Amino acid sequence: LEIANERTVRWLERCKASHARPNDQGLFGIVQGGTDLERRTWSAERITNIELPGYAIGGVAVGEPFEAIARIVRHTAPLLPESKPRYLMGVGYERDLLAAVRAGVDMFDCVLPTRNGRNANAFTSTGQIRLRNAKYALSKEPIEAGCDCHACSPATHGWNTIDALPFSRGYIRHLFMAGEMLGPILVSLHNLRHFQRFMADVRSTIVSDDWSGLVARWPVAAEGLG
C-alpha cells in the first residue's frame, strides 16, 4: 500500500508536467490509501500539495461494504480543499451518494444506471426491482409511479405510445425475455432519470436541511443519512 501510494504521487507529478491542455481539461489528483485512514491522510497531504483544478477520492466501491466506504469518505473528503471540486470515483448507490454529499463531496460517476439497466434491474425510491422475475409478467404498473422518465411517462417526452400510457413492468419484462433492445434502453433511461431526480432532491435538501424529509421520499437512501 505504501509503495502504491508513492507511485500515485509520482505519476501525478509526471501527468501534470506532461499535461498539454490545462485550459481545456481538468486534471484531478486522486487520493488513494485503501481502507487505512493513516494512508489516506498521507496521500491527501501529498496529492493536494500539487496545485490542480480538483481532487478525487479513489479506491472505494471496489468491493468494500457500505460502512467502510462511508468511513473512508467521511475521513478523506474534509482533507481536500474546500475551494476545489471534490470527486468520488465509481459511486454508486443512493446511500453511498447521500453519505458522500453529507461528507462534502461534489461530483460522482458510476456505471450502475446503465449496467443495471441492461440487465433488467430498475432503481426505485424503495430499492431495485428485477424485471426478469416472473411475478412481473402480468404487471400493468410502470417501473415507478410518479417518475417522469421515458418509460414511466412517455407522453412527457412526446413518445407516441398507445394512449400515451406508461410502459408497464410486464411489457418491459417481455422485451427482455424476447431479446428486444427496447427493454435495456427503457430501463437505462429510467435509471438515469432516477438518479437525476434523486440528486436534484439532494441539492434542494442541502438548502432546506430537511434530511429526514429526503429519506422519507427516498427510503432506499436512508442508510446514507448516518
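Structure shown above.
Residues numbered from 1 in each chain as written. Predicted model: local features only at pLDDT ≥ 70, side-chain atom pairs only at ≥ 80, totals over all residues. Heavy atoms only, no water.

A. Region of the structure containing unusual backbone geometry. With an omega dihedral of -10°, the bond running from V91 to G92 counts as a cis peptide bond. Following the sequence through the fold, G92 ends up in the loop between β3 (86-88) and α4 (94-103). Even without being a glycine, A120 presents a positive backbone phi close to 70°. Looking at the element boundaries, A120 is found in the loop between α5 (112-118) and β5 (121-122). The buried category is assigned to A120, whose relative accessible area is 1%. The backbone phi angle of D209 is positive, close to 65°, even though this residue is not glycine. Take D209: it is sitting in the loop between α7 (182-208) and α8 (211-217). Judged by relative accessible area, which is 56%, D209 ranks as exposed. (Helix = DSSP H or I, 4+ residues; strand = E, 2+ residues; numbered from the N terminus. Buried < 20%, exposed > 50% of the residue type's maximum accessible area, 1.4 Å probe, protein only.)

B. Fine view of the pattern of salt bridges. On inspection of all chains with the given rule, the structure shows seven salt bridges. Residue R95 is joined to E223 by a salt bridge in which the shortest nitrogen-to-oxygen separation is 2.8 Å. Taken as a pair, R95 in helix α4 and E223 in the segment after α8 lie far apart in primary sequence, 128 residues in all. D148 is the partner of R193 in a salt bridge, and the nearest nitrogen-oxygen pair spans 2.7 Å. Taken together, the residues R193 in helix α7 and D148 in the loop between β6 (129-130) and α6 (169-177) connect sequence positions 45 residues apart. For R193, a relative accessible area of 27% puts it in the partly exposed group. (Salt bridge = Lys/Arg side-chain N within 4 Å of Asp/Glu carboxyl O.)

C. The arrangement of the sheet that holds strand β4 (residues 107-108) in detail. Here we have four strands laid out as an open sheet, ordered β1-β2-β3-β4, and parallel in their pairing. The outermost strands of the open sheet, each flanked by one partner alone, are β1 (28-31) and β4. Direction of pairing for β1 relative to strand β2 (residues 54-57): parallel, over a ladder of four bridges. The partner of I30 across the bridge, within β2, is A56. Against the sheet, helix α2 (residues 37-48) touches β1 and β2, its axis set at about 165° to β1. (Pairing = 2+ DSSP bridges. Contact = heavy atoms within 4.5 Å. Axes fitted to C-alpha atoms, helices over the stretch in contact; angles between N-to-C directions.)

D. Structural view of helix α1 (residues 2-18). Taking 1.5 Å per residue, 17 residues should reach 24 Å; α1 reaches 25 Å between its end C-alpha atoms and fits that length. Turning to α1, its buried residues are N5, V9 and L12. Angularly, the buried residues of α1 cover 60° about the axis, an arc narrow enough to put them on a single face. Among the exposed residues of α1, those oriented more than 90 degrees off its buried face are I3, R14, A17 and S18. Packed against the buried residues of α1 are β1 and α2. (Expected span 1.5 Å × (residues − 1). Arc of directions from axis to C-beta.)

E. Focus on the packing of aromatic side chains. Overall, the coordinates contain five aromatic pairs when judged by the stated rule. Look at Y93 and F123: their rings are 6.3 Å apart centre to centre, the planes differ by 55°, and that puts the pair in the tilted class. Of this pair, Y93 sits in the loop between β3 and α4 while F123 sits in the loop between β5 and β6; the two residues are 30 residues apart in sequence, bridging distant segments of the chain. On the accessibility criterion, Y93 (33% relative accessible area) is partly exposed. Looking at F123, the relative accessible area reads 1%, which means it is buried. (Phe/Tyr/Trp six-rings, centres within 6.5 Å; stacked < 30°, edge-to-face > 60°.)

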